[in-house]
Amino acid sequence: MVGRSVRSVRGVPVVVTAGVAAAVLLGGCGSSSSSSTPTTPPATAPTTNATGTAPSGYLRVTIKDFAFDPSTLQAKVGQTVVVTNADSVPHNWTDKGGAFKSPDLNQGQSYSYTFQKAGTYNVYCNIHPDMLQTVVVT
Ligand SMILES: [Cu+2]
């Protein structure tokens with residue numbers, strides 16, 4: 001914010017430099033406390049995706065209250081889905097067609113799977129077979 005503004009004002013830096021030199025000369029009795037001007041480094045780039053959206057290629061499924069959230073998931077071929085169990089009982093994330101099957105996930109555990117084929121996947125938890133999710137991969 002401050003660092004680069006000097007450049008645009010041509011000629012002014014010369015005046016400023018002269019003023020600083022004069023000040024140093026005037027106050028030059030040994031105490032050079034003003035020499036440590038804080039040269040703040042340029043601020044790091046502002047976070048552009050502060051909306052909380054997951055980066056592309058990465059989707060999130062949460063298992064909570066005996067349900068998959070979202071109940072229908074849209075994914076692209078090559079995207080990775082990370083499934084996290086937020087319930088205190090174990091669940092798994094199993095494709096009825098056999099494309100994937102997570103281990104039983106305890107609370108806080110995750111399983112990730114990268115979809116390689118387009119299609120509609122009917123997912124359930126084989127511990128609680130009425131827990132259902134549809135994953136549409138295009
Ligand atoms: Cu379950």
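Up top is the structure.
This report concerns the structure included in the present document. (Residues numbered from 1 in each chain as written. Predicted model: local features only at pLDDT ≥ 70, side-chain atom pairs only at ≥ 80, totals over all residues.)

## Structural notes on the overall build of the protein
Here's step 1: Along its length, the protein carries 1 helix and 8 strands.
Here's step 2: Along the chain direction, N to C, the helices and strands of the protein fall in the order α-β-β-β-β-β-β-β-β.
Here's step 3: The contacts of the protein with a sequence gap of at least 6 include a subset with a gap of at least 24, amounting to 46%. (Helix = DSSP H or I, 4+ residues; strand = E, 2+ residues; numbered from the N terminus. Contact = placed C-beta atoms within 7 Å.)

## Section: the environment of Y121
Here's step 1: With respect to the secondary-structure elements, Y121 resides in strand 7 (residues 119–124).
Here's step 2: A tally of 20 C-beta atoms within 10 Å means that Y121 is categorised as buried.
Here's step 3: Expressed as a C-alpha distance, the spacing of Y121 and V136, which sit 15 residues apart in the sequence, is 6.3 Å.
Here's step 4: Setting aside its immediate chain neighbours within four residues, Y121 contacts D95, G97, A99, V135 and V137. (Buried ≥ 20, exposed ≤ 12 C-beta atoms within 10 Å, placed from the backbone.)

## Remarks on the sheet that holds strand 5 (residues 94–95)
Here's step 1: Taken in spatial order, the 4 strands of this open sheet run 3-8-7-5, and their pairing is mixed. Edge positions in the sheet fall to strand 3 (72–75) and strand 5, since each of these pairs with one other strand and no more.
Here's step 2: The pairing of strand 5 with strand 7 spans 2 bridges and is antiparallel. Counterpart to D95 in the pairing with strand 7 is V123. (Pairing = 2+ DSSP bridges.)

## Digging into the environment of V81
Here's step 1: Structurally, V81 can be placed in strand 4 (residues 80–85).
Here's step 2: V81 sits in the buried class, given 21 other C-beta atoms within 10 Å.
Here's step 3: Spatially, the C-alpha atoms of V81 and Y58 are 5.8 Å apart, while their sequence positions differ by 23 residues.

## Here's the deal with the pairing of strand 1 (residues 58–64)
Here's step 1: Bridge count between strand 1 and strand 4: 6 bridges; the pairing is parallel. Within strand 4, the residue paired with V61 across the bridge is V83.
Here's step 2: Pairing analysis gives 3 bridges linking strand 1 to strand 2 (residues 67–69), with the strands arranged antiparallel. Bridge pairing in strand 2 places I63 opposite F68.
Here's step 3: A loop of 2 residues connects strand 1 with strand 2, the two strands running antiparallel in sequence, and D65 in this loop sits at a positive phi of about 50 degrees.

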